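So the chains spell out like this:
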Amino acid sequence: MKLEDIEKYLPKYLSPEKQKELYEQLKEFPENVSKIYGSDFTFDIGILQSDIIKDIPFYNLPDINNKNTKVMVVSNSCDIDPENNRPLPPKVSYIPLISLDKFIQLLKSKDIGDERIRGIEESIKKQKTTNMFYLPKGALLEEDSIALFENVLSINRDYFFEEALKRDSKIATLGNYGFYMFLLKLSIHFTRIQEAVDRN
């Protein structure tokens, strides 16, 4: 997609000034990936889609033992809003984060060559790897990390908020630029209109 085409799809809820700012940030991609986090104001808003939360239970099925870890919220902000009453109890979907360094060490343990590993790391940092979202160190995130789109887990919304809020667990909120990148990558990962399969 050309940058000029992206301009047509900038969020309409943003003011013209904010749309222009977002467009300028997109023009600098991927050299400005470190600028994905929001301001202190956005950090203080309740839990939103793409927020990073620490100490949330995660199950790597079929292993049924859970481990508290950093996660990124995939569910949209409206659905997980506690003020949004629904007939059936809603769930929060989220994906785990892992340290980029640990991921690189895992690749090395698979006997993958150094040159290929460097290429994989560069691709991750430029947001070219479609099954993960790169999160550079920033806000309260202490190290470069990746969020794994393939490892989605859902749990009861009330339980999620109880776990998140009792520990004051929010680590980071993405700004307009980071959130736009997140939604773009999320849609690319889960929706491939060009799959080239005739389903009739």
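To be clear, the structure that these remarks concern was listed above.
Residues numbered from 1 in each chain as written. Predicted model: local features only at pLDDT ≥ 70, side-chain atom pairs only at ≥ 80, totals over all residues. Heavy atoms only, no water.

**Considerations on the overall build of the protein**
The helix and strand inventory of the protein stands at 8 helices and 7 strands. Across the 200 residues that make up the protein, the buried fraction comes to 40%. Taking the intrachain contacts of the protein between residues at least 6 apart in sequence as the baseline, contacts between residues at least 24 apart amount to 67%. For the protein, the accessible area works out to roughly 12,500 Å², and carbon and sulfur atoms hold 51% of it. (Helix = DSSP H or I, 4+ residues; strand = E, 2+ residues; numbered from the N terminus. Buried < 20%, exposed > 50% of the residue type's maximum accessible area, 1.4 Å probe, protein only. Contact = heavy atoms within 4.5 Å. Areas by Shrake-Rupley, 256 points an atom, 1.4 Å probe, with all protein chains shown as cover.)

**Quick look at the pattern of salt bridges**
Note that side chains of opposite charge can pair when their charged atoms are close. On inspection of all chains with the given rule, the structure shows 4 salt bridges. The partner of K170 in a salt bridge is D51, with the nearest N and O atoms 3.0 Å apart. Of this pair, K170 sits in strand β7 (residues 170-172) while D51 sits in the loop between α3 (40-44) and β1 (52-59); the two residues are 119 residues apart in sequence, bridging distant segments of the chain. One salt bridge connects R86 with D79, and the closest N-O pair in it is separated by 3.9 Å. The class for R86 is partly exposed, based on a relative accessible area of 40%. (Salt bridge = Lys/Arg side-chain N within 4 Å of Asp/Glu carboxyl O.)

**Regarding the packing of helix α5 (residues 100-109) against helix α6 (residues 114-125)**
Relative to each other, α5 and α6 sit at 150 degrees, their axes nearing to 11 Å. When the axis of α5 is compared with that of α6, the two are roughly antiparallel. For the crossing formed where α5 meets α6, the hand is right-handed. Residues L100, F103, I104, L107 and K108 of α5 touch α6, and the partners they reach there are I117, I120, E121, I124 and K125. A class-by-class count of the residues in the contact of α5 with α6 yields 7 nonpolar, no polar and 3 charged. (Axes fitted to C-alpha atoms, helices over the stretch in contact; angles between N-to-C directions. Parallel < 35°, antiparallel > 145°, perpendicular 65-115°, else oblique. Left-handed = near helix turned anticlockwise from the far one by under 90°. Nonpolar A, V, L, I, M, F, W, Y, C, P; charged D, E, K, R; others polar.)

**Quick word on the pairing of strand β3 (residues 91-99)**
In regular strands, side chains alternate between the two faces of the sheet. Of all 9 residues in β3, 7 are buried; the element is thus mostly enclosed. In this sheet, β3 lies alongside strand β2 (residues 66-73) in antiparallel orientation, the contact comprising 3 bridges. If you follow V73 over to β3, its bridge partner there is Y94. In this sheet, strand β6 (residues 153-156) lies alongside β3 in antiparallel orientation, the contact comprising 4 bridges. The residue of β6 that forms the bridge with S93 is S154. Pairing analysis gives 3 bridges linking β3 to strand β5 (residues 145-148), with the strands arranged antiparallel. The residue bridging S99 from the neighbouring strand is S145, located in β5. (Pairing = 2+ DSSP bridges.)

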